[in-house]
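# Structural features, examined
The residues making up each chain are set out below.
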Amino acid sequence: MQRAHERLTVWQDAMDLVETIYLLTQSFPKHEQFTLSAQMRRAAISIPSNIAEGASRGSDKEFVRFLQIARASLSELETQLKIAIRLSYIEQNNTALQDCNTAFAKLPGLINKLNQQIV
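Residues numbered from 1 in each chain as written. Predicted model: local features only at pLDDT ≥ 70, side-chain atom pairs only at ≥ 80, totals over all residues. Heavy atoms only, no water.

## Digging into unusual backbone geometry
Quick note on the threshold: The helix count covers DSSP runs of H or I at least four residues long, the strand count covers runs of E at least two residues long, and both are numbered beginning at the N terminus. Buried residues are those whose accessible area, probed at 1.4 Å on protein chains only, stays under 20% of the maximum for their type, while exposed residues exceed 50% and partly exposed ones sit between those limits.
In this structure, Ser88 takes a positive phi of about 65° despite not being glycine. Inspection of the secondary structure assignment puts Ser88 in the loop between helix H3 (60-86) and helix H4 (95-118). For Ser88, a relative accessible area of 63% gives the class exposed.

What follows is the structure, encoded as structure tokens:
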């Protein structure tokens, strides 16, 4: 049985982003295994997790709150990706940044839609 959040494209995109981040961080230097790499993975996991948790809360107001938390984790991850680029761990034109932009584009639309239903 498919849960409601699994039908959301923003959740599906966030799940894809988690995979991308895991694959990307595998190539990081060993000394980053428990620092930047781990932090990036936690931030990435937080995004679809908060979308799923918010969707299961039962109210649009709570769902919006968890979507905002997911958006904050997305901002955190984007910053960490830019740090990884500056440290030359990844290329400037990697798909993870594009995936972040895709999720950034979709989250506000869902938040706005839910906020209209709250009123």
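Read on for the rest.
## Let's talk about the pattern of salt bridges
Keep this limit in mind: Take a side-chain nitrogen of Lys or Arg and a carboxyl oxygen of Asp or Glu: if they are within 4 Å of each other, that pair is a salt bridge.
Evaluation of the coordinates by the stated rule reveals three salt bridges. Note that Asp13 and Lys106 form a salt bridge whose closest N and O atoms lie 2.5 Å from each other. Taken together, the residues Asp13 in helix H1 (residues 9-25) and Lys106 in helix H4 connect sequence positions 93 residues apart. The class of Lys106 is partly exposed, set by a relative accessible area of 32%. Counted as one network, the salt bridges with shared partners bring together Glu53, Arg57 and Glu62.

## Description of the confidence of the model for the chain
Note the cut-off: Confidence scores here are pLDDT values: one per residue, from the predictor, ranging 0 to 100.
Averaged over all residues, the pLDDT of the chain equals 92, while 99% of them reach at least 70. Per-element confidence in the chain is highest for helix H2 (residues 36-55), whose mean pLDDT is 96, and lowest for H4, whose mean pLDDT is 88.

## Details of H1
Stated precisely, the cut-off is as follows: A helix is expected to span 1.5 Å for every residue after the first.
When the terminal C-alpha atoms of H1 are compared, their 24 Å separation across 17 residues agrees well with the 24 Å that a helix rising 1.5 Å per residue should span. When H1 is considered as a whole, its buried residues turn out to be Val10, Trp11, Asp13, Ala14, Leu17, Val18, Thr20, Ile21, Leu24 and Thr25.

## Examining the packing of H3 against H4
Selection criterion: In this description, a line fitted to the C-alpha atoms serves as the axis of each element, helices being fitted only across the stretch in contact, and the angle between N-to-C directions of two axes falls anywhere from 0 to 180 degrees. For classification purposes, angles smaller than 35 degrees are called roughly parallel, those larger than 145 roughly antiparallel, those between 65 and 115 roughly perpendicular, and all remaining angles oblique. Should the near helix be turned counterclockwise from the far one by less than a right angle, the crossing is left-handed, whereas a clockwise turn marks it as right-handed. The residue classification treats Ala, Val, Leu, Ile, Met, Phe, Trp, Tyr, Cys and Pro as nonpolar and Asp, Glu, Lys and Arg as charged. All others, Gly included, are polar.
Where H3 contacts H4, the two axes come as close as 10 Å, and the packing angle between them is 165°. On the basis of the axis angle, H3 is roughly antiparallel to H4. Crossing of H3 against H4: the hand is left-handed. Grouping the amino acids of the contact of H3 with H4 by side-chain chemistry returns 18 nonpolar, five polar and five charged.

## Some thoughts on the environment of Ser37
Using the following cut-off: The contact criterion used is simple: two residues touch if any of their non-hydrogen atoms lie within 4.5 Å.
For Ser37, the position within the fold is in helix H2. Classification of Ser37 by relative accessible area gives buried; the value is 5%. Between the C-alpha atoms of Ser37 and Gln26, which are eleven residues apart in sequence, the distance is 8.1 Å. Excluding residues that lie within four positions of it along the chain, Ser37 makes contacts with Thr25, Phe28 and Glu32.

## Observations regarding the packing of aromatic side chains
Here is the rule we go by: Aromatic rings from Phe, Tyr and Trp, with only the six-membered ring used for Trp, were paired whenever their centres fell within 6.5 Å, and each pair was classed as stacked if the ring planes differed by under 30 degrees, edge-to-face if by over 60, and tilted otherwise.
Taken as a whole and judged by the stated rule, the model has one aromatic pair. Look at Phe28 and Tyr89: their rings are 5.2 Å apart centre to centre, the planes differ by 45°, and that puts the pair in the tilted class. Of this pair, Phe28 sits in the loop between H1 and H2 while Tyr89 sits in the loop between H3 and H4, placing them 61 residues apart in sequence. On the basis of relative accessibility, which here comes to 7%, the residue Phe28 falls in the buried class.

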